[in-house]
Amino acid sequence: MERKLVFAVNGERFELAKVDPSTTLLEFLRTRTRFTGPKLGCGEGGCGACVVVLSTYDPVSDQVKEFSVSSCLTLLCSINFCSVITSEGLGNTKDGFHPIHQRFAGFHASQCGFCTPGMCMSLFSALVNADKTSRPEPPCGFSKITKFEAEKAIAGNLCRCTGYRPIADVCKSFAADVDLEDLGLNTFWKKGAKDANVGRLPCHDPGKICTFPEFLKSEIKCSVDILDNSKNTGLPESQWYRPSSIRELYELLNSDSFSKSRVKLVVGNTGSGVYKENDLYDKYIDLKGIPELSVIRRDSKGILFGAAVTISRAIEVLKERKESELDSNKRLVFSKIADHMDQVASPFIRNMASLGGNLIMAQRSQFASDVATILLASGSTVCLQMASERLVLSLESFLERPPCDDRTILVSIHIPSWSSAMESSSGIDGCIASEPTREANILFRTYRAAPRPLGNAVAYLNSAFLAHVTLDKISGDLIILDLHLAFGAYGTEHAIRARKVEKFLVGKVMTVSVLLEALKLLKETIIPKKGTPHSRYRSSLAVAFLFKFFQPLVKDLVVLEKNGPADSSGVAAITEYPNSDINECADILSHRVSHSEQLNNPNVILSSKQLVEFSNDYHPVGEPIKKAGVEIQASGEAIYVDDIPSPKDCLSGAFVYSTTPLAWIKGIMFNSTLASQKVIAYISVNDLPKEGKNIGGSTIFGTEPLFADSLTVCAGQPLGIVVAETQRHANMAARQANVQYSTENLEPPILSIEEAVRRRSFFDVPPVVYPQKVGDLSKGMAEAEHKILSAEVKLGSQYYFYMETQTALAIPDEDNCIVVYSSSQCPETAQGVISQCLGIPNHNVRVITRRVGGGFGGKAVRAIPVATACALAAFKLRRPVRMYLDRKTDMIMTGGRHPMKINYSVGFRSDGKITALHVDIFINAGITEDISPFMPSTIIGALKKYNWGAFSFDAKVCKTNLPTKSAMRAPGEVQGSFIAEAVIEHVSSFLSMDATSVRKKNLHTHESLILFYEGSAGDAPEYTLPAVVDEVASSASYLDRLAIIRHFNSCNKWRKRGISLMPLVYQVTLRPTPGKVSILSDGSIVVEVGGVEIGQGLWTKVKQMTAYALGQLSVDGTKNLLDKVRVIQADTLSMVQGGWTAGSTTSESSCEAVRLSCNILVSRLKSLKQSLEEKMGTVSWDTLISQANMQAVNLSASTYWVPDGSSAEYLNYGSALSEVEVDILTGGTTILRTDLIYDCGQSLNPAVDLGQIEGSFVQGIGFFMYEEHVENSDGLVVSDGTWTYKIPTVDTIPKQFNVKLMKSGHHEKRVLSSKASGEPPLLLAASVHCATREAIRAARVEFFSTNDPNSSPTTFQLDVPATMPVVKELCGLNNVEKYLEAFLCAHQKMEANQVWAPREDNLADTKEG
Ligand SMILES: Cc1cc2nc3c(=O)[nH]c(=O)nc-3n(C[C@H](O)[C@H](O)[C@H](O)COP(=O)(O)OP(=O)(O)OC[C@H]3O[C@@H](n4cnc5c(N)ncnc54)[C@H](O)[C@@H]3O)c2cc1C
Ligand code: FES
Ligand code: FES
């Protein structure tokens, strides 16, 4: 029988007879169907942009199962007889949008829109599955989903624009347990008007979408009738195999054709997200067809899982409550394993990822598995098949074996039941060996510390502990009968049992000194491999977790807590210690642990408030209307560059980049692999046209080469591009490039600021862009009562992490012309560079940008080399060429934010007033100028936010052998503002003053503002900052909360809170901008602007402005006009002088250019309208336009708006108050609450501006708290994917996020009184960093000795980002041991004096070791 791959996509049947088996579902959907909803964001399962819903049908039970999957990892051949739903399948322009799409639109939850279809699918999957449960029917219009589940549904999906709050609102809007009033600003009801009800929301109809078409069900039924098993599924036979038994599998593996092939066994194929495939395979074997591997068997001895069972399915089974398992101990182990597995990866990975795949990766490739660790502690066993031999091993023995070869099959995993009697049912070596005792109890807990609690992050360390304990009835002491202590992911070959520690503890009474000894022993055991990042931190986590586990069981420690005061949450520390019944011991442990788990719960539901003040002065400008085109963004129909269908003969290109910082290139060869056979051409500097130039970027400061010539000058520099038939082949082939380097006669590269300074390697900063000093520094210093001299601050880089990586499509046209579709923030500059590179005039180059899937500055200069390389290849090959950079290449080549080093000296008075500040700033610009010479001015601009008295500086822009750094959202400003805050914090801690009062003391008066911001300070009423700061402080109850926090900190040893209030001053500049408005014969209006829609809402504001300005003519009302306006893509040959979309002011400038263009049209049409009205009475818009056409009125007008010199620069103000809680044991920071007020003038669209503010703030949280940008010793970026670079996810944003958009009245010189919102709020995220510093300070004051000259408790530098390891290190890596030592010491003293009472200050006298 002929074998075919049959499946459905959005109800359409697909039948394929020939497929490259390495094709992923995503690749198929994107290149072989018209569906563009699933996007490629990372290709490694880490972002969720590609999520689709996959459904399977079981003809026996007649059941359909739906689950989300990452289509970038799912192999196409593995979806035989499945149905795929993409976001277009939920709804679309033709059939109407789905309520999920409509709610994304109405809650303003999509900006650039690139993440939105994936978000929609994750939510859809969660809703479908919740609605299938047997829970009670929810009220009409709601789903059965809970708000907690709804929020978690998108935990693995990344969004770089919105800040997640509105997306979480969309999700929660389906949950019946939500109070709709609590949801954010939306178009369905007026906030606060008490008319929020589900009837206003687009109706949720659970059965609306057919996820599995009937025709496919029939085909499946037929095929089952014909064949007795699913053997026929899978294709093509020559390359894709689906054996139906282990015997068949080995027959295949042992056959001749397999022995010479590259063969891959797969289940979910998610492992390819972890270990990237650099070459192709000849053959694939799908293990899912082997029934034995999918079996699930549960009996009194435990649960047996076939190795191909997915993690999601395992969680379901482990959570099931079986009547036979009334013993809570049995459930405890299973349910804790399930809870832990719930934090592994994301739902769309867990739905495909198998238990067996995970364990094989852990065993064979040293993967930092959670599954291995938790199963190790639970005494699990595995069954292995090795050719004809079958082995049952303890998991520990399995992990310790030499790596499995690719012929060893993991058949099943058995998790034993644990009864009170502590008998594991497996009886296999490695299980607890003690004599069972009826009075014993089981304690089981698992732990993991990861950069993000829920959102797809591998742990720094994970652990799981199973203890068999009993209570000595006379003494009340706890005795450990047996113990499993498993640790993994810390930089170890595999998860291990801490045997020595176990041995030490078994049989012991758990006392403080025993615990301390055990922890010391543990620290000697948990030693990460050489080269593991944060290795001391990881060891300290092991100690922290074991301490967490045992602390509630150590009598003395509990007594100590008992005597401590209740914490501020009102929950008293546990006061009882069991002395009667051992069962109480487990209960109390559970209670205590759950209590602390609840307080640190990453799942706490988000809450938020938005206060926006509307203005009707310029209707419909000022209305919070939904974003233009938002529904098609959600449905996936919006077209980004990579969604443009490939023209005939289109090829794809991928960069080959240097991995060495400074070297001669001696040659480039390609390894002889399957992948390199795919190379069609290699384009390099040798392929430039005769008239062309080697140029790949340009700014007013200079140009940069497209490709390295004979010398490469930084790791990450493009050397050339490989061209192949498909993007995947081009990417793989590029990785096969073998570049020969030589460093002969070359100086060592400059890889640090220090080296650049030593070798005086600086870029020139033209005097016209160099900022001005203020006042007389020596006079200011002379006025100071105190001085801090030469303090240092360092700041690292940040990567843009736009969801759409750099991309372009170049199509050669007639007569040496070329059309380039580029995802660009500056198409005009790209046009200029391409024309120079190709040696053709500008008018031969048309650069088109419709929309950009996130830019943040990274798609300005840094997008140009991609567009240019693509154009060069297309020009040379005379074929269309497209490039869509894989995430790794993008991260390595694109640069990012400027790292810098700062030295400051500050003079101040005892009351906190600063009298003089001098800063020396060294900016790491990388290898070419880009916009870096502007950096001193932006840094200094933001630093001037306080009145320093006198202010001087010296700024150097260092040239280093690192990839060029470029503008990233708030470039320089975020660093400048942070430096200012670092100075303030330093002064406050020096004076032991509250930082907020020092901030207030140094806020500008209007007079000093004029001095510092000459020309942009505006009139006194415009200076709203002091009022904004006061309002935040009072509305967010700053002083009350400060007192509560102090109390909390005094009551809680292992959790500390901090709070910080921060002002914002941000200078922006308006730039000349063109605009063009044309009215077509049917009355519809088309608008072109210089700016590009990058998600910031430019088109929406421009539409509103057009309707407002032309509304002067209309009698139909502006709403009608609004619907007639379409803003179209940027096209460099249609709208010249488009300039850059940057600096937060493009929307307002474009609006102004459009307003002026409209005014021209109004003046042309006004007299006609009057004369028509005189004749006909009222005149409709359509009549007016048709008459104008008849009378040959020019209905197209354009302007080039040049801002007036006196008003081109202005200041923005805002303030934020953030409160955080730090877990002193792990260094994890939870942002409990942020209140932010931003003066937006009269917002052009409050919904858009709110989105910009929240999104910007959360991007700032990423910079200050999470995003570690690391390079190796050659300067090659190693934070090169979603595995190593962690942007915020929904579980890391403030748990309560309140934002107010302040309307600050009339601003004569602004565009309709509006102000910018895109970048400034990012700076306010430093409030989270400063609050974290406060919390750390509280910990240090408690744990550190004030007598230690090397380690001041109050004055310390908190690095950016303040990641968990950084925070923990400052809180003390040894604080647990020190605490216990101090306890023992105090105890001994007490015994000596016989009068000891535990006092916290007895414990404070500890030194950091
Ligand atoms: C984004 C992401 C985040 C993740 N986060 C975590 C995390 O936080 N914690 C964690 O523990 N894991 C995590 N994982 C790992 C994930 O659990 C594994 O990728 C998954 O379980 C592998 O299962 P699979 O079915 O997809 O295996 P596949 O990718 O199909 O296979 C993986 C490897 O195992 C081999 N193999 C598979 N099954 C068998 C078998 N039965 N016998 C022999 N060989 C076999 C394959 O040949 C292949 O070499 C993450 C993965 C991704 C992609
Ligand atoms: S593209 Fe698939 S998860 Fe990122
Ligand atoms: S809207 Fe989410 S990434 Fe842009």
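Residues numbered from 1 in each chain as written. Chains lettered and ligands numbered in written order. Predicted model: local features only at pLDDT ≥ 70, side-chain atom pairs only at ≥ 80, totals over all residues. Heavy atoms only, no water.

1. Observations regarding the overall build of the protein chain
Each helix and strand in the protein chain was counted, giving 43 helices and 44 strands. Against the compact-globule benchmark of 35 Å for 1409 residues, the protein chain has a radius of gyration of 32 Å, which places it among compact chains. Taking the principal axes of its C-alpha atoms as reference, the protein chain extends roughly 100 × 90 × 75 Å. At a minimum sequence separation of 6, the contacts of the protein chain that also span at least 24 residues come to 78%. Surface summary for the protein chain: the accessible area is close to 48,800 Å², and the carbon and sulfur share equals 51%. Between the centroid of the 145 positive side chains of the protein chain and the centroid of its 153 negative side chains there is a distance of 1 Å. (Helix = DSSP H or I, 4+ residues; strand = E, 2+ residues; numbered from the N terminus. Rg over C-alpha atoms; globule rule 2.2 N^0.38 Å. Contact = heavy atoms within 4.5 Å. Areas by Shrake-Rupley, 256 points an atom, 1.4 Å probe, with all protein chains shown as cover. Lys, Arg positive; Asp, Glu negative; His and termini not counted. Charge placed at Lys NZ, Arg CZ, Asp CG, Glu CD.)

2. Re the site of ligand 1
L265, T270, G271, S354 and D370 are the nearest of the 36 residues found near ligand 1. Within the contact set of ligand 1, an oxygen atom lies 2.6 Å away from a backbone nitrogen or oxygen of L265. Taking L410, its main chain carries an N or O atom lying 2.9 Å from a nitrogen atom of ligand 1. Here ligand 1 has 970 Å² of accessible area as a free molecule, and 96% of this is covered by the chains. Within the residue set of the shell around ligand 1, elements represented by two or more residues are β7 (263-266), α10 (271-274), α14 (355-365), α15 (370-377) and β13 (408-416). Broken down by element, the residue count for the shell around ligand 1 peaks at 5 residues, all from α14. Classifying every residue of the shell around ligand 1 by side-chain character gives 21 nonpolar, 11 polar and 4 charged. (Near = heavy atom within 4 Å. Polar contact = N/O pair within 3.5 Å; in protein donor to acceptor, adjacent residues only side chain to side chain. Nonpolar A, V, L, I, M, F, W, Y, C, P; charged D, E, K, R; others polar.)

3. Some details on the pattern of salt bridges
This model, assessed by the stated rule, comprises 80 salt bridges. Residue R34 pairs with E12 through a salt bridge whose shortest N-O separation is 2.7 Å. One end of the pair, R34, is in the loop between α1 (25-32) and β3 (51-58); the other, E12, is in strand β2 (residues 12-16), and 22 residues separate them in sequence. With a shortest N-O distance of 2.8 Å, E15 and R13 are connected by a salt bridge. Members of the salt-bridge network, linked through shared partners, are K945, E981, E985, R999, R1333, E1334 and R1337. (Salt bridge = Lys/Arg side-chain N within 4 Å of Asp/Glu carboxyl O.)

4. Some remarks on the packing of helix α35 (residues 1098-1110) against helix α37 (residues 1146-1176)
Packed helix pairs are specified by the crossing angle of their axes together with the interaxial distance, meaning the distance between the axes. One can describe the packing of α35 onto α37 by two numbers: an axis separation of 9 Å at closest approach and a directional angle of 25°. Relative to α37, the element α35 is oriented roughly parallel. Here α35 and α37 pass one another in a crossing that is right-handed. In this structure, α35 contributes L1098, K1101, V1102, M1105, T1106, Y1108, A1109 and L1110 to the contact, and α37 contributes T1146, S1147, S1150, C1151, V1154, R1155, C1158, N1159, L1161 and V1162. For the contact of α35 with α37, the class distribution of residues is 11 nonpolar, 5 polar and 2 charged. (Axes fitted to C-alpha atoms, helices over the stretch in contact; angles between N-to-C directions. Parallel < 35°, antiparallel > 145°, perpendicular 65-115°, else oblique. Left-handed = near helix turned anticlockwise from the far one by under 90°.)

5. A short note on the sheet that holds strand β8 (residues 283-286)
Across the sheet, 3 strands lie side by side as β6-β8-β7; this open sheet has parallel pairing. Single-partner strands in this sheet number two, and they are β6 (240-241) and β7. Pairing analysis gives 2 bridges linking β6 to β8, with the strands arranged parallel. Among the inter-strand pairings, W240 is bridged to a residue of β8, identified as Y284. Where helix α8 (residues 246-254) meets the sheet, its contacts fall on β6, β7 and β8, and the angle it forms with β8 comes to roughly 170°. (Pairing = 2+ DSSP bridges.)

6. A few points about the nonpolar core
Formed by 320 residues in total, the largest nonpolar core has its most connected members in V919, L943 and W948. Apart from residues no more than four positions distant in its own chain, V919 is found in contact with I902, N903, Y904, I940, L943, F951, S952, F953, D954 and I979. If you look at the next biggest cluster of nonpolar residues, it comprises 44 residues, including A867, L872, F875 and I892. (Core = buried A, V, L, I, M, F, W, Y, C linked by side-chain atoms within 4.5 Å. Buried < 20%, exposed > 50% of the residue type's maximum accessible area, 1.4 Å probe, protein only.)

7. What to know about the packing of α14 against α15
The interhelical angle for the contact between α14 and α15, taken along N-to-C directions, is 95°, at an axis separation of 8 Å. Between α14 and α15, the angle falls in the class roughly perpendicular. Only V371, A372 and L375 of α15 make contact with α14, whose side of the interface consists of L355, N358, L359 and A362. Its residues placed into classes, the contact of α14 with α15 shows 6 nonpolar, 1 polar and no charged.

8. A closer look at the packing of aromatic side chains
The final tally for this structure, using the stated rule, is 39 aromatic pairs. With centroids separated by 5.6 Å and ring planes inclined at 45°, the aromatic side chains of Y447 and F465 adopt a geometry described as tilted. Highlighted residues: Y447 in strand β14 (residues 441-449) and F465 in strand β15 (residues 461-471), separated in sequence by 18 residues. Neither Y447 nor F465 differs from the other in exposure class; each is buried. Look at F465 and F487: their rings are 5.4 Å apart centre to centre, the planes differ by 55°, and that puts the pair in the tilted class. Here F465 is found in strand β15, whereas its partner F487 is found in strand β16 (residues 478-488), with 22 residues between them in sequence. (Phe/Tyr/Trp six-rings, centres within 6.5 Å; stacked < 30°, edge-to-face > 60°.)

9. Notes on the UniProt feature "active site" (unreviewed entry) in the protein chain
Within this numbering scheme, the UniProt entry marks E1319 as carrying the feature "active site" (unreviewed entry). On the secondary structure map, E1319 appears in the loop between β44 (1296-1302) and α40 (1326-1343). The class of E1319 is buried, set by a relative accessible area of 10%. Excluding its chain neighbours within four sequence positions, the residues that come into contact with E1319 are R969, A970, P971, Y1066, G1143, S1144 and S1256. Looking at E1319, its side chain comes within polar contact range of the side chain of S1144, at 2.7 Å. (UniProt positions renumbered as here; feature names shortened; annotations may be inferred.)

10. Quick notes on the UniProt feature "binding site: FAD" (unreviewed entry) in the protein chain
In this numbering, the UniProt entry assigns the feature "binding site: FAD" (unreviewed entry) to S354, L355, G356, G357, N358, D370 and R448. Position of L355 relative to the elements: it lies in helix α14. Once you skip the residues sitting within four places of it in the chain, L355 turns out to touch F305, A307, V309, I311, A314, M341, V371 and I413. Position of N358 among the secondary structure elements: in helix α14. Those residues in contact with N358 that lie beyond four places of it in its chain are I311, F367, S369, V371 and A372.

11. Quick look at the sheet that holds strand β27 (residues 762-763)
Pairing between sheet strands relies on hydrogen bonds along the backbone, with the strands arranged either parallel or antiparallel. Within the open sheet, the 5 strands sit side by side as β27-β35-β34-β33-β28. Their pairing is mixed. Two strands in the sheet have a free side with no partner beyond their single neighbour: β27 and β28 (786-795). On top of the sheet, helix α30 (residues 973-991) reaches β28, β33 (900-908) and β34 (914-924); it is set at about 140° to β28, its chief contact.

12. Considering unusual backbone geometry
Along the chain, H619 connects to P620 via a cis peptide bond; the corresponding omega equals 0°. Locating P620 in the fold gives a position in the loop between β18 (607-612) and α22 (630-635). The omega angle of the peptide bond from V1360 to P1361 is 0°, so this bond is cis rather than trans. Even without glycine at this site, A489 takes up a positive phi of about 65°. Residue placement: A489 occurs in the loop between β16 and β17 (496-497). Classification of A489 as buried rests on a relative accessible area of 8%. Backbone geometry places A1192, a non-glycine residue, at a positive phi of 55°. Locating A1192 in the fold gives a position in the loop between α38 (1181-1190) and β41 (1196-1201). The class for A1192 is exposed, based on a relative accessible area of 69%.

13. Digging into α38
Owing to its 3.6 residues per turn, the α-helix brings residues three or four apart onto one side. Taken as a whole, α38 has its buried residues at W1181, L1184, I1185 and A1188. End-on, the buried residues of α38 take up no more than an arc of 95°, which puts them together on one face. Remark: A1192 follows α38 within two positions and exhibits a positive phi of approximately 55°. (Arc of directions from axis to C-beta.)

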